[in-house]
Amino acid sequence: MQVYKNFIGGEFVESKGSKRILNTNPADTRDILGEVILSTKEEAAAAVDAASNAFKSWKRMPAPKRGAIVAKAAQLIGERRQEIARTLTREEGKLLSEALGEIQRAINISEFCAAHGRRLNGEVIPLELADNVGYTMKEPVGVAALITPWNFPAAIPIWKMAPALVAGNTVVFKPASLTPATAELLMQCFVDAGLPAGVLNMIIGSGGEVGNTFVDHPDVRLVSFTGSTDIGLGIYKRAASRGIRAQCEMGGKNPVIICDDADLDLAVAGVYSGAFGSSGQRCTATSRVVIQHGVADAFLERLLAKVHTMKIGNPLDADTDMGPSVDASQLKTVMDYIEIGKNQGAELLVGGDKPTSAETAHGFFVNPTIFDKVRTDMRIHNEEIFGPVLSIVRVESFDEALDAANSCEFGLTSSVYTRDLSRAFRYIHEIETGITHVNSPTLGGEAQMPFGGLKNTGVGPREQGTEVFDFYTETKAVYIDYTGSKREGKLY
Ligand code: NAP
């Protein structure tokens, strides 16, 4: 059986840890992909040492050359996309088509960041002093610790690694323990692209051991985390106590507002893919629909018709519409929230149980579930479920819809369906999310656009776009005096 290896100082090495867990296919637990050894704190510290030792020479390499290595890695990820996508689907459970889409996103982000190596410029700033030059430079910060979740095991590591490396930082990376196989394939692409030893290191292990060792290590100067809110806020506090920079992207509870003038065909298609794509396990998944009474019944009739035809099963099969939850614990969370929804008085329209086909007998499957007549004080409206469970909140007015959409502590993404331009603009200004859409699903994002949330979803600067380079660089202000004068009494 394959045993996943750490990558330290340019070598793949087996962990000496004593705890082992199996990497199983969530669609069929009889399919074992490999074995994970949970690494020790000492191994995590050794990875930081390797990254620290590699920093000086990596920083000296010109940014366009660093970008060229990242571009080469992107090319290799593209050439190996089928193998990476099949592995990702087997260990995480999303559809093969979704895995291929995720890999394309990773490639786009790498290419965008690689090209930014040629634009990592500061600016020349006019000074009050005559015959003096003032300008700024962008410099790397040091060792960056990247801690990532299982739900986008290719795209999220890459959207952190690519800007970190192009900016000249060295990296220690902790993938989610549930998705080590995808992480190992990505590492191999960077090795084969010619990344110097020590610049990128990976330790597979638990958050408590490896993650915290990274965050607490005196040589780590940056932490970029994506995952749940509780863990992220804990990491943010730990990083703040050391005075280092941190960026934490966390949970979501993304709403779609459907107005009484909406194109209902568009709205049904957007909510269907948003709520049930990737089994509801996207950070950008649609988990709440806030809809005006006048169109609620017609919308639900069309949505339910689509949901009733869904095929739940093996995510590697092209005709499957939805795969499993990622593991037993995530499935239990989903089932628990379904009970909470019922107990708090929401009306179950469809789902709420597990499928019974032979194909789903050995996996962590749950049927797509819709609750109607959800109130904004209910737990299923306010807490992240991370499964294919959609809440419908009926409202009278557009103002009430905005209040309901904003009444939640999370703020990653959102959408509105309306044909009224003034409503659309009011919505854009008043919705409390870091990303928003008009007449399209809550999903997705392009490499050149910033990505991140408000409220309890995000702390620290945005990821992606050009803004991410502000996180991964320090600005140095340079003054050059070519007068030869002592400027006595005139220093400022
Ligand atoms: P998680 O349990 O918070 O884990 C995320 C990462 O943190 C994993 O690598 C995990 O390691 C590690 N970790 C766990 N405990 C830690 C600790 N005490 N110290 C340091 N690291 C620790 O999240 P998840 O279940 O993997 O992912 C799902 C969550 O991610 C959802 O809440 C989702 O909304 C969020 N998410 C947010 C975004 C966004 O951009 N806002 C994007 C994607 C996902 P182990 O795997 O070993 O536990």
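Residues numbered from 1 in each chain as written. Predicted model: local features only at pLDDT ≥ 70, side-chain atom pairs only at ≥ 80, totals over all residues. Heavy atoms only, no water.

Undergrad: Break down the sheet that holds strand 14 (residues 347-350) for me, citing the residues and quoting the values.
TA: Reading across the sheet, the 7 strands line up as 14-15-16-13-12-18-19 and stay open at both edges, with mixed pairing between neighbours. The open sheet has two free edges, formed respectively by strand 14 and strand 19 (437-438), since each of these has just one partner strand. Alignment of strand 18 (residues 415-417) against strand 19, held across 2 bridges, turns out to be parallel. Bridging from a neighbouring strand, Val416 pairs with Val438 of strand 19. Against the sheet, helix 10 (residues 293-308) makes contact with strand 12 (254-258), strand 13 (286-292), strand 14, strand 15 (369-372) and strand 16 (389-395), and its axis sits at roughly 145° relative to strand 13, the strand it touches most. (Pairing = 2+ DSSP bridges. Helix = DSSP H or I, 4+ residues; strand = E, 2+ residues; numbered from the N terminus. Contact = heavy atoms within 4.5 Å. Axes fitted to C-alpha atoms, helices over the stretch in contact; angles between N-to-C directions.)

Undergrad: Tell me about the site of the ligand, and name the residues and values.
TA: Near the ligand there are 32 residues, and of these Thr148, Ser177, Ser228, Met250 and Glu384 occur at the shortest range. Within the side chain of Trp150, an N or O atom sits 2.9 Å from an oxygen atom of the ligand. Gly205 is positioned such that a nitrogen or oxygen atom in its backbone is 3.4 Å from an oxygen atom of the ligand. Here the ligand, which alone exposes 910 Å², has 86% of that area covered by the protein. With 4 residues, the single largest contributor to the shell around the ligand is helix 7 (residues 207-216). Residues belonging to the shell around the ligand are distributed by class as follows: 14 nonpolar, 15 polar and 3 charged. Residue contributions to the shell around the ligand reach at least three from each of two domains, namely domain 1 (6-250 + 457-477) and domain 2 (254-438). (Near = heavy atom within 4 Å. Polar contact = N/O pair within 3.5 Å; in protein donor to acceptor, adjacent residues only side chain to side chain. Areas by Shrake-Rupley, 256 points an atom, 1.4 Å probe, with all protein chains shown as cover. Nonpolar A, V, L, I, M, F, W, Y, C, P; charged D, E, K, R; others polar. Domains from an automatic or database assignment.)

Undergrad: So, the domain arrangement of the protein chain: which residues are in play, and what are the values?
TA: Accessible area lost during the coming together of the parts is what is often quoted as the interface size. Split by domain assignment, the protein chain resolves into domain 1 (6-250 + 457-477) and domain 2 (254-438). If you look at the interface, domain 1 gives 22 residues, while domain 2 gives 26 residues. Carbon and sulfur atoms supply 62% of the area that domain 1 and domain 2 bury against each other, a total of about 2100 Å² over both sides. Together, Leu95, Trp150 and Thr457 form the three largest contributors to the area buried by domain 1 at its contact with domain 2, with a combined 24%. Counting every contact that joins domain 1 to domain 2 gives 0 salt bridges. Elements with a minimum of two residues in the side of domain 1 that touches domain 2: strand 4 (28-38), helix 3 (81-92) and helix 4 (96-116). Top element by residues in the side of domain 1 that touches domain 2 is helix 3. It accounts for 4 residues. Of the residues belonging to the side of domain 1 that touches domain 2, the class tally is 7 nonpolar, 6 polar and 9 charged. (Buried area = accessible area lost by both parts, 1.4 Å probe. Salt bridge = Lys/Arg side-chain N within 4 Å of Asp/Glu carboxyl O.)

Undergrad: Which residues make up the environment of Gln330, and what are the values?
TA: Within the secondary structure, Gln330 sits in helix 11 (residues 328-343). Put simply, Gln330 and Asn212 are 118 residues apart on the chain and 23 Å apart in space, counted from C-alpha to C-alpha. Setting aside its immediate chain neighbours within four residues, Gln330 contacts Trp150, Gln281, Ser325, Ile385 and Phe386. Within the local environment of Gln330, its side chain forms a polar contact with the backbone oxygen of Ile385, the two atoms lying 3.1 Å apart. Looking at Gln330, its side chain comes within polar contact range of the main-chain oxygen of Phe386, at 3.0 Å.

Undergrad: Can you lay out unusual backbone geometry for me, pointing to particular residues and giving the numbers?
TA: Positive phi values are uncommon outside glycine, yet Ser278 reaches one of about 50°. When you line up the elements, Ser278 lands in the loop between helix 9 (264-276) and strand 13. Unlike most non-glycine residues, Gln464 shows phi in positive territory, near 60°. Note that Gln464 resides in the loop between strand 21 (458-459) and helix 15 (468-471). What makes Gln464 buried here is its relative accessible area of 3%. (Buried < 20%, exposed > 50% of the residue type's maximum accessible area, 1.4 Å probe, protein only.)

Undergrad: Please provide a residue-by-residue account of the packing of helix 7 against helix 8 (residues 229-241), values included.
TA: A pair of packed helices is characterised by two quantities: the angle between their axes and the separation of those axes. Packing of helix 7 against helix 8 brings their axes to within 9 Å, and their N-to-C directions diverge by 30°. With respect to their mutual orientation, helix 7 and helix 8 come out roughly parallel. When you trace helix 7 past helix 8, the crossing you get is right-handed. Facing Asn212, Val215 and Asp216 of helix 7, the residues of helix 8 in contact are Ile235, Arg238 and Ala239. Residue composition of the contact of helix 7 with helix 8, by class: 3 nonpolar, 1 polar and 2 charged. (Parallel < 35°, antiparallel > 145°, perpendicular 65-115°, else oblique. Left-handed = near helix turned anticlockwise from the far one by under 90°.)

Undergrad: Kindly report on the packing of aromatic side chains, identifying the contributing residues and their values.
TA: One pass over the full model with this rule turns up 5 aromatic pairs. Their ring planes at 70° and their centres at 5.6 Å tell us that Trp150 and Phe386 sit as a pair that is edge-to-face. Placement of the pair is Trp150 in the loop between strand 7 (143-147) and helix 5 (155-166) and Phe386 in the loop between helix 12 (379-382) and strand 16, with a sequence separation of 236 residues. A cation over an aromatic ring shows up here: Lys94 above the ring of Phe152, its NZ or CZ 3.8 Å from the ring centre. (Phe/Tyr/Trp six-rings, centres within 6.5 Å; stacked < 30°, edge-to-face > 60°. Lys NZ or Arg CZ within 6 Å of the ring centre and 35° of its normal.)

Undergrad: Lay out the nonpolar core in plain terms, naming residues and giving numbers.
TA: By size, the foremost hydrophobic cluster in this structure holds 67 residues, and its most contacted members are Ile77, Met161, Leu165, Phe173, Phe190, Leu195 and Tyr472. When residues of this core are assigned to domains, at least three fall in each of domain 1 (6-250 + 457-477) and domain 2 (254-438). Sequence-distant contacts of Phe173, defined by excluding residues within four places in its chain, comprise Leu146, Thr148, Pro157, Met161, Ala183, Met187, Asn201, Met202, Ile203 and Phe214. In terms of nonpolar packing, the next biggest core, distinct from the first, is built from 29 residues, Ala262, Leu264, Ala275 and Ala296 among them. (Core = buried A, V, L, I, M, F, W, Y, C linked by side-chain atoms within 4.5 Å.)

Undergrad: Can you break down the sheet that holds strand 22 (residues 473-481) residue by residue, with the values?
TA: The 3 strands lie next to each other as 5-6-22, forming an open sheet whose pairing is antiparallel. Each end of this open sheet is capped by a strand with a single partner; those strands are strand 5 (124-125) and strand 22. Sheet topology note: the strand 5/strand 6 (residues 132-140) ladder contains 2 bridges and is antiparallel. Its bridge partner lying in strand 6, Ile125 is registered against Gly134.

Undergrad: Kindly report on the packing of helix 2 (residues 63-79) against helix 6 (residues 180-192), identifying the contributing residues and their values.
TA: Contact geometry of helix 2 with helix 6 gives a least axis separation of 8 Å together with a crossing angle of 130°. Here helix 2 lies oblique to helix 6, going by the angle between them. Regarding helix 2 and helix 6, the two cross each other, and that crossing is right-handed. On the side of helix 2, the interface is formed by Val70, Ala73, Leu76 and Ile77, while helix 6 contributes Leu186, Cys189, Phe190 and Asp192. Class assignment for the residues of the contact of helix 2 with helix 6 results in 7 nonpolar, no polar and 1 charged.

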